[in-house]
Structure formats: C-alpha cells, structure tokens
Amino acid sequence: MSNPWIAVGALALVGVAIPLSMIAISSLLRPSVPEQGKRAIYESGEVPTGTTRIRFNIQYYMIALLFVVFDIETVLIFPWALIYNDAVAEFGLNSVLGPMLVFLAILIIGLGWAWRNGAVRWVKSERAEIKSEL
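The structure contained in this document is the topic of the report that follows. Just so we're clear, the structure is a prediction, and the values are computed from it rather than from any experiment.

1. Some remarks on the overall build of the chain
Then, in step 1: Along its length, the chain carries six helices and zero strands.
Then, in step 2: When its helices and strands are written in sequence order, the chain yields α-α-α-α-α-α.
Then, in step 3: Expressed as a percentage of its 134 residues, the buried residues of the chain come to 8%.
Then, in step 4: Contacts spanning at least 24 positions in sequence make up 60% of the contacts within the chain whose residues lie at least 6 apart.

2. Considerations on helix 3 (residues 58–82)
Then, in step 1: Helix length check: helix 3 (25 residues) gives 37 Å between terminal C-alpha atoms against 36 Å at 1.5 Å per residue, within 8%.
Then, in step 2: What helix 3 keeps buried is the set Gln59, Leu66 and Glu73.
Then, in step 3: Against helix 5 (93–116) lie the buried residues of helix 3.

3. A few points about a nonpolar patch on the surface
Then, in step 1: Residues Ile54, Phe56, Ile58, Tyr60 and Tyr61 make up a contiguous nonpolar surface patch of roughly 590 Å² in combined accessible area.
Then, in step 2: If you trace the backbone, Tyr61 turns up in helix 3.
Then, in step 3: Taking relative accessible area as the criterion, Tyr61 reaches 46% and is therefore assigned partly exposed.

4. Structural notes on the side chain of Glu73
Then, in step 1: Checked against the element boundaries, Glu73 lands in helix 3.
Then, in step 2: No salt bridge is formed by the buried Glu73; the nearest opposite charge belongs to Arg116, separated by 19 Å.

5. Structural notes on the packing of helix 4 (residues 84–91) against helix 5
Then, in step 1: Helix 5 packs onto helix 4 with a crossing angle of 130 degrees between their chain directions and a minimal axis gap of 7 Å. Compared by their axis directions, helix 4 and helix 5 come out oblique. Contacts between helix 4 and helix 5 pair Tyr84, Ala87, Val88 and Phe91 from the former with Leu93, Ser95, Val96 and Leu97 from the latter.

Thresholds applied
For every chain, the first residue of the written sequence is number 1, and numbering continues from 1 along that sequence. Local features in this predicted model are restricted to residues whose pLDDT is 70 or higher, and side-chain atom pairs enter the listing and the counts only when it is 80 or higher, whereas totals over whole chains, interfaces and linings include all residues. Where side-chain values are given, they derive from all heavy atoms of the structure, hydrogens and water being excluded. Comment: elements are numbered from the N terminus, with helices defined as DSSP H or I runs of at least four residues and strands as E runs of at least two. Throughout, exposure labels follow a simple rule: accessible area from a 1.4 Å probe, protein chains only, divided by the maximum for the residue type, with under 20% read as buried, over 50% as exposed, and the rest as partly exposed. Here, two residues are considered to be in contact whenever any of their heavy atoms come within 4.5 Å of each other. To estimate the expected span of a helix, count its residues, drop one, and scale the result by 1.5 Å. To count toward a patch, a residue needs a relative accessible area above 30% and no salt bridge. Like charges then connect within 9 Å, nonpolar side chains (Val, Leu, Ile, Met, Phe, Trp, Tyr) within 5 Å. We get accessible surface area from the Shrake-Rupley algorithm with a probe of 1.4 Å; when it comes to residues, only the shown protein chains can shield them. Just to be clear on terms, a salt bridge is a Lys or Arg side-chain nitrogen sitting within 4 Å of an Asp or Glu carboxyl oxygen. When charges are counted, neither His nor the chain ends are considered; positive counts come from Lys and Arg and negative counts from Asp and Glu. Axes here mean lines fitted to C-alpha atoms, for a helix over just the part in contact, with angles spanning 0 to 180 degrees between N-to-C directions. Angle categories: roughly parallel below 35 degrees, roughly antiparallel above 145, roughly perpendicular from 65 to 115, and oblique for all the rest.

Right under this line is the structure:
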C-alpha cells in the first residue's frame, strides 16, 4: 500500500514546476527591445499623458458587483433547473421549489434595493456633460 499523499505531493510539484519552467523559458526566448515607452511606468507600452491619480466613477464598481451577484445566480440556477424534474419526483414540489423561490426573492429584493439607491442608474461625469454640450 502506497501513501495517497505521495500523489498529492507529486501533483503539487508538477503544478508548481510547469508554470515556473514556462516563465523561465519565456524569459530566455523573448526578444528584448528597450525603448522609452516600454520603460515608462504604465500599461501597454504607452507613454503616460497625465497623472496616475485619476478619479473613477463608483458606478464602474457597482455595476461590476451587480454583475458578479447575478452571474453567481446563473451558476446556481442552471444546475437546479437541470435536476428539477428528478428532484420533484424524489423530494416533492415544496421542498424543491421553496428554497429556490426564497433565493430568487432575496435576489429580486436586492436588485430592487440597488435600483432604488441608484446603483444601476448611470450618472454622467461633469467632463462628459461638458463635452456633450459642445
């Protein structure tokens, strides 16, 4: 009898060795073309045109959080819908449909709360309003 932790250790070793070896090989094979745009502290090799301290609208984050919540909702509802008929036959309608209706009610209440507080209403920035007037 062999120890099952040997397989876990071997898998962990392979899981660490493959990315490290890929990083090492790519650092050896990549071309090195130094230029001012690439040395600048910015993304994509672009030369920065202003300060890095710009203000983002909080709406970006609110929309992202709402997307994550409703994406997780889809991940939970889809498997439930696939096994619905078999689950009703085995456990009954109330014990299968009830928890999902409670889950959907909580999501709908949360969406209503976010809507009422203006989380899904897009507000234009002052700069965007000035540009639209020109």
